[in-house]
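# Chain and residue survey
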Amino acid sequence: MQKTLGIIGWIGTVLVFGAVALGGIPFLGIPSVYPAWAQYSRYGAWAGLVCVLIYMAGQWRDVADFYKGRGAKYGTMSIVSIIVFLGILVAVNYLGTRQSKRWDLTANQVYSLSDQTIKILKELKEPVKVTVFERNDQQQVHRDRLQEYQYQTTQLTTEFIDPDRQPTRAAGAKIETLPTVLFEYKGRTERVTSTNEQDLTNALIKVITGAARKVYFLQGHGEKDTSASDRTGLSTAVEQMKQDNFAVDQLVLVQKQVVPDDATIIVIAGPTTDLFAPEIEALNTFVAKGGKVMVLLDPLLKGPAQPLLTQFLADWGIRAGTDVVLDIAGRAKLGADESITVAAEYPSHPITTGFRVVTAYPMSRSMTPIEGGSNAHIAQPLVRTSDQSWAEADLAAFGTAKTKVEFNADKGDKQGPITVGAAVSAPATVTPPPSGNSTPGSPDSDRKPETRIVAIGDSDFATNETIAFAGNRDFFMNALNWLSQQENLIAIRPRQPEDRRLTLTPDQQNRIALLTIFVIPGLVFATGVYTWWKRR
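Owing to the predicted nature of the structure, the values given are computational and were not obtained by experimental measurement. Residue numbering note: each chain is counted from 1, following its sequence as written. Whole-chain, interface and lining totals are the exception, using all residues; otherwise, since this is a predicted model, local features are given only for residues with pLDDT of at least 70 and side-chain atom pairs are given and counted only at 80 or more. Calculation of side-chain values draws on the structure's entire complement of heavy atoms; hydrogens and water are dropped beforehand.

## Quick notes on the overall build of the chain
Using the following cut-off: In this text, helices come from DSSP runs of H or I with a minimum length of four residues, and strands from runs of E with a minimum of two, each type numbered from the N-terminal end. In this scheme, a residue with accessible area under 20% of its type's maximum is buried, one over 50% is exposed, and one in between is partly exposed, where area comes from a 1.4 Å probe on protein chains only. Per-residue and other accessible areas follow the Shrake-Rupley method at a 1.4 Å probe size, with only the shown protein chains counted as cover for residues.
Helix and strand content of the chain: 16 helices and 18 strands. Counting over 536 residues, the chain shows a buried share of 41%. Total accessible area on the chain is roughly 29,700 Å²; 58% of this is exposed by carbon and sulfur atoms.

Here it is in structure tokens:
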């Protein structure tokens, strides 16, 4: 009888351990050794438990005799303590898998998702499927990155495929290079070959927004060049626009006479001469149908007056000042002269929601909402300079070799803070034809046409030289995304790792080598010798 019970006990033990091996322990991160049989693990566990209980019931006399001794009591206390400790350990691991908390201690938070990525993920209303095509031994880096995305939303699911083991799936998805990350959303697909957050988020943006919004940069009046890579060009800004799913082109409106039908936004970046009357008429027709316009207008130091363009803004409730904004804070914070305006005050507006990064504007003019509005259009301020700034009204004196620049209220100067950016919106007054950017099921298909205008008193802040400064890039892109009615993309974009290398001179390298190879080991050796000598 005892032999039979012993066999039953061993069978129960084997069944329990076999069930654990087949089913794994998910909350501890232990996978199944054979997933195809994982469904049978529960039955094995119950059968094993029954066998163990039968064995223990058959040994009740031995168990009772054991617990009569003093050693059994202390042994029982030890066992209970071990069980309690293991229970606490399992509970902590279980809660850890359910309530994940991470701390990113890097200076630039490079291991944390950006505000833009988190905002997009949290606002997902429909499921997004992400399929990673990569070899099994290389998939972990993708799992780690995409787990950060899944932590923010339940709408994103992932699948990992090894093309070597599933060549049919890879061929069906037309995978040519590894790795390839495929995003699928509402029948649209977008692919990327990187685990970089910026690339993954850009692909997510493109698959969600559908067709690219078309942005035309006006040309023919001395505007900034979108293709130029020098310090005054806009090539860096254009590259960022493409990453946010904007298509960019140039437009000589005086030749075309009308704004193209596929245009979402017209950007007028730093014209040095005024627009022609037919161009203003074409812009008015464009905005009446819900068109969007961004005007980046520099101070009049760089060219003649632009009455037609400034009147276009005035009709929409924005006054372009005939001044230049100077800022002592620019000299104190950046080591520059007063013409560099530093701004950190952003009145409430969708463009600047949660925006807490300084922006800089080299050589700017005031761009303020007209009090009471104009033609029932009420503009809102976007960005203000510090109280150490002022609007210099004497442009002629500023342009000379003046040795001292100072505030002078008697000459019409206005004390800061000065508004250098404003925005206005209004419902379209003319029903436009279907947009070339609107595809079935895209976000554009249910949006009502709305006119939106943003005016900034400087164009240099978006150039290659300055756009990388602090929040300039994000402010520029947030304005474009608001204009295109893509408020879900308004946020701080993914961060770039800082270069934190330590550069040493040859002499410093030699000193460190001597210190680590001879001095420190020598001190340790000398201490040991001294201790030995004292104990002799």
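There is more to say after this.
## Structural notes on the sheet that holds strand β18 (residues 450-456)
Spelled out, the test is: Strands pair, by our definition, only if DSSP identifies at least two bridges between them. For helices, the fitted axis covers only the stretch in contact; all axes are lines through C-alpha atoms, and the angles between them, taken along N-to-C directions, range from 0 to 180 degrees. Contact between two residues is taken to exist if any of their heavy atoms lie within 4.5 Å; hydrogens are not considered.
Read across the open sheet, the nine strands follow the order β6-β5-β7-β8-β18-β17-β14-β11-β12; overall the sheet is mixed. Strands with a single pairing partner mark the edges of an open sheet, and in this sheet they are β6 (246-251) and β12 (359-362). Here the average twist between neighbouring strands, direction ignored, is 25 degrees. Together, β7 (263-269), β8 (292-296) and β18 form the strand contacts of helix α11 (residues 277-288), whose direction differs from that of β7 by roughly 140 degrees.

## Focus: the side chain of Asn202
Among the secondary structure elements, Asn202 is positioned in helix α8 (residues 197-209). Take Asn202: its relative accessible area is 7%, and that puts it in the buried class. Leaving out residues up to four positions away in the same chain, Asn202 has contacts with Gln243 and Asp244.

## Remarks on the pattern of salt bridges
Cut-off, in case you're wondering: We count a salt bridge whenever a side-chain nitrogen from Lys or Arg sits within 4 Å of a carboxyl oxygen from Asp or Glu.
Throughout the structure, instances matching the rule amount to twelve salt bridges. For Arg135, the salt bridge goes to Asp164, with nearest N and O atoms at 3.2 Å. Separated by 29 residues along the polypeptide, Arg135 in the loop between β1 (128-133) and α6 (140-152) and Asp164 in the loop between β2 (156-161) and α7 (167-172) bring together distant segments of the chain. Between Arg384 and Glu345 there is a salt bridge; the shortest N-O distance is 3.1 Å.

## Remarks on the nonpolar core
For clarity, the cut-off: Joining through side-chain atoms within 4.5 Å is the link that ties buried Ala, Val, Leu, Ile, Met, Phe, Trp, Tyr and Cys residues into a set, and such a set is a nonpolar core.
Counting 36 residues, the largest nonpolar core has Val454, Phe475, Phe476 and Leu480 as the members making the most contacts within it. Listing elements by their share of this core, those giving two or more residues are β5 (213-218), α9 (235-243), β7, β8, β14 (380-385), β17 (419-427), β18 and α15 (472-483). For this core, the element with the highest residue contribution is α15, accounting for seven residues. Among residues more than four places away in sequence, those in contact with Phe476 are Ala237, Met241, Met294, Leu296, Phe461 and Ala462. By size, the runner-up hydrophobic cluster in this structure holds 30 residues, among which are Leu251, Leu297, Ile318 and Met367.

## Concerning the packing of α8 against α9
Relative orientation and spacing of two packed helices are given, respectively, by the angle between their axes and the distance between those axes. Put simply, the rule reads: The labels follow the angle: roughly parallel below 35 degrees, roughly antiparallel above 145, roughly perpendicular from 65 to 115, and oblique for the rest. Each residue is assigned to one of three groups, with Ala, Val, Leu, Ile, Met, Phe, Trp, Tyr, Cys and Pro labelled nonpolar, Asp, Glu, Lys and Arg labelled charged, and all others, Gly among them, labelled polar.
Put simply, α8 and α9 touch, their axes get as near as 9 Å, and they point 60 degrees apart. Taken as axis vectors, α8 and α9 run oblique relative to one another. Of the residues in α9, those in contact with Gln198, Asn202 and Lys206 of α8 are Gln240, Lys242 and Gln243. Taken together, the residues of the contact of α8 with α9 sort by class into no nonpolar, four polar and two charged.

## Thoughts on the packing of aromatic side chains
So the rule is basically this: For this analysis, a ring pair means two rings from Phe, Tyr or Trp (six-membered ring only for Trp) whose centres lie within 6.5 Å, classed as stacked if their planes differ by under 30 degrees, edge-to-face if by over 60, and tilted for the remaining angles.
Inspection of every chain in the model, using the stated rule, returns eight aromatic pairs. Centroid distance Trp532 to Trp533: 6.2 Å. Interplanar angle 55 degrees. Geometry classified as tilted. Here the two residues Trp532 and Trp533 agree in accessibility, since each one is exposed. Following the ring pairs from residue to residue traces out a cluster consisting of Tyr346, Phe355, Tyr361, Phe461, Phe475 and Phe476.

## Side note on the confidence of the model for the chain
Residues shown with low pLDDT carry predicted positions that ought not to be read at fine detail. Rule in force here: Note on scores: pLDDT gives the predictor's confidence for each residue, bounded by 0 and 100.
When the pLDDT values of the chain are averaged, the result is 83; 82% of them are 70 or greater. The model gives residues 438-443 a pLDDT under 50, and that stretch makes 14 contacts with residues more than four places away or in other chains.

## Quick notes on a nonpolar patch on the surface
Let me state the cut-off plainly: To count toward a patch, a residue needs a relative accessible area above 30% and no salt bridge. Like charges then connect within 9 Å, nonpolar side chains (Val, Leu, Ile, Met, Phe, Trp, Tyr) within 5 Å.
Residues Leu514, Leu515, Ile517, Phe518, Val519, Ile520, Leu523 and Val524 make up a contiguous nonpolar surface patch of roughly 790 Å² in combined accessible area. Along the chain, Val519 turns up in helix α16 (residues 506-535).

## Some details on the environment of Ala360
Along the chain, Ala360 falls in strand β12. A relative accessible area of 3% places Ala360 in the buried class. In this structure the C-alpha to C-alpha distance between Ala360 and Thr341, which are 19 residues apart in sequence, comes to 5.5 Å.

## Focus on the sheet that holds strand β4 (residues 188-192)
Whether parallel or antiparallel, the strands of a sheet pair through hydrogen bonds between backbone atoms. Ordered by their spatial adjacency, four strands build an open sheet running β2-β1-β3-β4, and the pairing between neighbours is mixed. With partners counted over all chains shown, the strands left at the sheet margins are β2 and β4, one partner each. The sheet shows a mean angle of 20 degrees between the axes of neighbouring strands, direction not considered. Here five bridges tie strand β3 (residues 180-185) to β4, and the two strands are oriented antiparallel to one another. Looking at β4, one finds that Tyr185 is bridged to Arg188. The strands that α6 touches are β1, β2 and β3; relative to β2, the one it contacts most, it runs at about 170 degrees. Across the sheet, α8 lies against β1, β3 and β4, angled at about 165 degrees from β4, the strand it touches most.

## Topic: unusual backbone geometry
Between Leu178 and the following residue, Pro179, the backbone shows a cis peptide bond with an omega angle of -5 degrees. As for its placement among the helices and strands, Pro179 is situated in the loop between α7 and β3. Cis peptide bonds are those with omega within 30 degrees of zero, and the linkage from Gly416 to Pro417 qualifies with 5 degrees. Residue position: Pro417 is located in the loop between β16 (414-415) and β17. Here Lys174, not a glycine, exhibits a phi torsion of approximately 55 degrees, which is positive. Within the secondary structure, Lys174 is located in the loop between α7 and β3. Positioned with a positive phi, Lys186 is a non-glycine residue whose angle comes to about 50 degrees. Mapped onto the elements of the fold, Lys186 is located in the loop between β3 and β4. Owing to a relative accessible area of 49%, Lys186 belongs among the partly exposed residues under this scheme.

## Quick word on the pairing of β18
Taking burial as the measure, the seven residues of β18 include six buried ones, the bulk of the element. Relative to β18, β8 runs parallel, the two being bridged by five bridges. Looking at β18, one finds that Leu296 is bridged to Ile456. Both β17 and β18 contribute to a ladder of seven bridges, which runs antiparallel. Within β18, the residue paired with Ala423 across the bridge is Val454.

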